[in-house]
Amino acid sequence: MASPDLNLLFALDVLLAEGSVARAASRLRLSPSAMSRTLARLREATGDPLLVRAGRGLVPTPRAEALRQQAGRVVHDAETLLRPARLLDLAKLEQIFTLRTNEGFVEEFGPRLVARIQAEAPGVRLRFAPKADKDVASLRDAAIDLEIGVAGETGPEVRIQALFRDRFVGAVRAGHPLSEGAVTPERYAAGRHISVSRRGRERGPIDQTLAQLGLQRTVACMVSGFSAALAMARASDLIASVPERHTQGARAGMVSFPLPVATVEVTISMLWHPRLDADPAQRWLRDCVREVCAASH
């Protein structure tokens, strides 16, 4: 079965609104004969005469009456789809955005991001989803709007924009032996450490770098997040090694120092699916995230 000519919808809407072939032809800038041929095609497509002669004019059939409002709605929706997006009215925007990121980003940047968004769009809410369920399909299927973190393996269609670079620093409680004097690789390795790994790994890049210097640190415990590591270090003589910018607020009152061994800086990025590129609300959200991250530098 051949697909119907959707252009006929616009002609049907005008014909039913005007109730006259001549007036419909004038609105559509067609000749009366061309409009008559269009009416004939509409009659064939719908299987109904639609407009019938009554005296010197035309009156709609019951089927035409039933179609009048429906056709108007369909045409209006089609015209809306084909227009440029309206300017975003943040005061009236009501939407929930889902951001997938780790707890460190939420703790450090979340309060400022929420405050910024609430000031501009009170009807917007944020949902922070855990990184444990990371997968590209969630971006593609609109389960999340934005992912924030270190960009790993992604689909070729995913958009990526860098937000900032971060490096690891050591953090100890006030009064800890490492809070005074130069922190050398030997002094650092001699302490008792907290390993942070979502997968429960005891060793990582820091241990590999220490091994190149002939040193080995003692890992006293393993935790899954940086906030837990800092909480333990704050209340003990354990040493936490954490990303600097992600934990700036969480390290308040503690003594921080650059790691005495070389570690690779990481780039924190935001990732999204290209179908969200032009959406005004999504672009505004990405602007908010980017500006909040830039302001904290």
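Remember, predicted model here, so these are calculated numbers, not experimental data.

What counts, and at which threshold
- Residues numbered from 1 in each chain as written.
- Predicted model: local features only at pLDDT ≥ 70, side-chain atom pairs only at ≥ 80, totals over all residues.
- Heavy atoms only, no water.
- Pairing = 2+ DSSP bridges.
- Helix = DSSP H or I, 4+ residues; strand = E, 2+ residues; numbered from the N terminus.
- Axes fitted to C-alpha atoms, helices over the stretch in contact; angles between N-to-C directions.
- Polar contact = N/O pair within 3.5 Å; in protein donor to acceptor, adjacent residues only side chain to side chain.
- Core = buried A, V, L, I, M, F, W, Y, C linked by side-chain atoms within 4.5 Å.
- Buried < 20%, exposed > 50% of the residue type's maximum accessible area, 1.4 Å probe, protein only.
- Contact = heavy atoms within 4.5 Å.
- Parallel < 35°, antiparallel > 145°, perpendicular 65-115°, else oblique.
- Nonpolar A, V, L, I, M, F, W, Y, C, P; charged D, E, K, R; others polar.

Peer 1: Just give me the short version of the sheet that holds strand E8 (residues 192–196), but keep the residues and values in it.
Peer 2: Taken in spatial order, the five strands of this open sheet run E9-E8-E10-E7-E11, and their pairing is mixed. Both edges of this open sheet fall to strand E9 (218–223) and strand E11 (255–258), since each of them pairs with a single strand only. Here the average twist between neighbouring strands, direction ignored, is 35°.

Peer 1: Any chance you could break down the side chain of Ser20 for me, citing the residues and the numbers?
Peer 2: Within the fold, Ser20 resides in the loop between helix H1 (7–18) and helix H2 (21–28). Engagement of the side chain of Ser20 in a polar contact is seen with the backbone nitrogen of Ala22, the distance being 3.3 Å.

Peer 1: Tell me what's going on with the nonpolar core, and back it up with residues and numbers.
Peer 2: Soluble globular proteins: nonpolar side chains tend toward being buried together. Leu99, Ile148, Trp284 and Val289 are the most contacted members of the largest nonpolar core, which has 25 residues in total. Within the residue set of this core, elements represented by two or more residues are strand E3 (95–100), helix H5 (103–120), strand E5 (146–150), strand E6 (159–166), strand E12 (266–272) and helix H10 (280–295). Here this core takes seven residues from H10, the largest share from any one element. The residues contacting Ile148, other than those within four sequence positions of it, are Leu99, Arg100, Thr101, Phe105, Lys131, Leu163, Ile268, Ser269, Met270 and Val289.

Peer 1: Explain the packing of H2 against helix H3 (residues 32–46) residue by residue, including any values.
Peer 2: Across the interface, H2 lies against H3 with an axial gap of 9 Å and an inter-helix angle of 105°. One finds that H2 runs roughly perpendicular with respect to H3. Of the residues in H3, those in contact with Val21, Ala24, Ala25 and Leu28 of H2 are Pro32, Met35, Ser36 and Leu39. Considered class by class, the residues forming the contact of H2 with H3 number seven nonpolar, one polar and no charged.

Peer 1: Any chance you could break down the sheet that holds E12 for me, citing the residues and the numbers?
Peer 2: Within a sheet, adjacent strands bond to each other through the backbone by hydrogen bonds, running parallel or antiparallel. Reading across the sheet, the five strands line up as E4-E3-E5-E12-E6 and stay open at both edges, with mixed pairing between neighbours. Lying at the two open borders of the sheet, with one neighbouring strand each, are strand E4 (124–129) and E6. Within the sheet, the average angular offset between the axes of one strand and its neighbour, ignoring direction, is 20°. Here E3 pairs with E4 via six bridges, running parallel. Residue Phe97 lies in a different strand from E4, and its bridge partner there is Leu126. Across the sheet, H5 is in contact with E3, E4, E5 and E6; its angle to E4 comes to roughly 165°. Relative to the sheet, H10 contacts E3, E4, E5, E6 and E12, its axis offset from that of E3 by approximately 50°.

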